[in-house]
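An overview of the molecular structure
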Amino acid sequence: MHSDKAILPSEGLRKELDFFKTIVQSIPAVVFINEVESPGDEQSCHIIWMNQRGLDFIGYSQKQITNMGYGFFKEIIHPDDLGV
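No experiment lies behind these values; they were computed from the predicted model shown.

A few points about a nonpolar patch on the surface
Taken together, the side chains of Phe-19, Phe-20, Ile-23 and Ile-27 define a hydrophobic patch exposed on the protein surface, amounting to about 350 Å² of accessible area. Relative to the assigned elements, Phe-20 resides in helix α1 (residues 11-26). The class for Phe-20 is partly exposed, based on a relative accessible area of 43%.

Observations concerning the side chain of His-46
Relative to the elements of secondary structure, His-46 occurs in strand β2 (residues 45-50). Given a relative accessible area of 13%, His-46 falls into the buried group. At a separation of 3.3 Å, a polar atom in the side chain of His-46 contacts the main-chain carbonyl oxygen of Ser-44. Those residues in contact with His-46 that lie beyond four places of it in its chain are Ile-33, Asn-34, Glu-35, Glu-37, Gly-69, Tyr-70 and Phe-73.

Some words on the pattern of salt bridges
Oppositely charged side chains may form a pair once their charged atoms are brought near each other. Per the stated rule, a full pass over the model turns up 1 salt bridge. Salt-bridge contacts for Arg-14 lead to Glu-11; the nearest nitrogen and oxygen are separated by 2.8 Å. Of the two residues, Arg-14 and Glu-11 are both situated in helix α1; the distance of 3 residues between them amounts to about one turn of the helix. Relative accessible area serves as the criterion here: at 45%, Glu-11 is assigned to the partly exposed category.

Quick look at the nonpolar core
Counting 9 residues, the largest nonpolar core consists of Cys-45, Ile-47, Met-50, Leu-55, Ile-65, Tyr-70, Phe-72, Phe-73 and Leu-82. Elements with a minimum of two residues in this core: β2 and α4 (71-76). Tallying contributions element by element places β2 first for this core, with 3 residues. Residue contacts for Cys-45: discarding those within four places in its chain leaves Asn-34, Glu-35, Val-36, Gly-69, Tyr-70 and Phe-73.

A look at the environment of Gln-25
By secondary structure assignment, the location of Gln-25 is in helix α1. Residue classification places Gln-25 among the partly exposed positions, given a relative accessible area of 36%. In this structure the C-alpha to C-alpha distance between Gln-25 and Gln-52, which are 27 residues apart in sequence, comes to 6.2 Å.

Looking at the packing of aromatic side chains
Aromatic ring pairs are defined here through the distance separating the ring centres and the angle between the ring planes. Here the structure, examined in full by the defined rule, presents 4 aromatic pairs. On the numbers, 6.1 Å between centres and 65 degrees between planes, the contact of Phe-72 with Phe-73 is edge-to-face. Summarising the burial analysis for this pair, Phe-72 and Phe-73 share the class buried. Taken together, the ring pairs connect Tyr-60, Tyr-70, Phe-72 and Phe-73 into an aromatic cluster.

What counts, and at which threshold
Residues numbered from 1 in each chain as written. Predicted model: local features only at pLDDT ≥ 70, side-chain atom pairs only at ≥ 80, totals over all residues. Heavy atoms only, no water. Patch = residues over 30% accessible without salt bridge, like charges linked within 9 Å, V, L, I, M, F, W, Y side chains within 5 Å. Areas by Shrake-Rupley, 256 points an atom, 1.4 Å probe, with all protein chains shown as cover. Salt bridge = Lys/Arg side-chain N within 4 Å of Asp/Glu carboxyl O. Helix = DSSP H or I, 4+ residues; strand = E, 2+ residues; numbered from the N terminus. Buried < 20%, exposed > 50% of the residue type's maximum accessible area, 1.4 Å probe, protein only. Polar contact = N/O pair within 3.5 Å; in protein donor to acceptor, adjacent residues only side chain to side chain. Contact = heavy atoms within 4.5 Å. Core = buried A, V, L, I, M, F, W, Y, C linked by side-chain atoms within 4.5 Å. Phe/Tyr/Trp six-rings, centres within 6.5 Å; stacked < 30°, edge-to-face > 60°.

Here it is, written out as structure tokens:
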């Protein structure tokens, strides 16, 4: 039988997720997740998430980074290191 109710994570899973969120937000590092829409096409790569430390360091909001797409990499990485 199909149910339209959302599947909620168990209490244990929520605690584990909160634990990992705390680590990712508190380590002294920039942590981000890229998405590549077309493998082999580096210009289809864009950041879909960055930890708060990274956002503070870079000086952009997550929304700005998301909206910039590949342009974000062109903004922060030296052209010789982009390989395009």
